[in-house]
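Each chain, written out:
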Amino acid sequence: QVQLVESGGGLVQPGGSLRLSCAASGSPFNLNVMGWYRQAPGKQHELVATITSGGGGGSTNYADSVKGRFTISRGNAKNTVYLQMDSLMPEDTAVYYCKATQVLFGKPYDYWGQGTQVTVSS
């Protein structure tokens, strides 16, 4: 079992920055992919960014809407993932969820955090 705890959400003005953190505990090994998703009121759950556990910092993937503004990274211990959010816009307002995929004996298992609210408003 893996537990994920997010932190770093809050209220920020348009154009501002926030940094989200997600720490995995329990049995946080073989976390092949970690990422961030979000859900805004009345909208579908959507991918924000993912990062693999490969060498050289891992491979990253971003939603088109956040490319060039958000940066995902993993800690040295590979059981922490960060989301640096710059140039925030009101449409980035959402609950942000951390997700980790653990692969055991070739089978993937997904774990989710409880979510952290990000509100972009003047």
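Residues numbered from 1 in each chain as written. Predicted model: local features only at pLDDT ≥ 70, side-chain atom pairs only at ≥ 80, totals over all residues. Heavy atoms only, no water.

Burial of the side chains of strand β1 (residues 2–7) is restricted to one face: Val 2, Leu 4 and Glu 6 are buried, whereas none of Gln 3, Val 5 and Ser 7 on the reverse face is. Relative to strand β3 (residues 18–26), β1 is paired through 6 bridges, and the arrangement is antiparallel. Bridging across to β3, Val 5 finds its partner in Ala 23. (Buried < 20%, exposed > 50% of the residue type's maximum accessible area, 1.4 Å probe, protein only. Helix = DSSP H or I, 4+ residues; strand = E, 2+ residues; numbered from the N terminus. Pairing = 2+ DSSP bridges.)

The antiparallel open sheet is built from 4 strands, whose spatial order is β1-β3-β8-β7. The open sheet has two edge strands with one neighbour each: β1 and β7 (70–74). The average angle at which neighbouring strand axes cross in this sheet is 15°, direction not considered. For β7 and strand β8 (residues 80–85), the ladder comprises 5 bridges, and the chain directions are antiparallel. Opposite Thr 71, over in β8, you have Gln 84 as the bridge partner. (Axes fitted to C-alpha atoms, helices over the stretch in contact; angles between N-to-C directions.)

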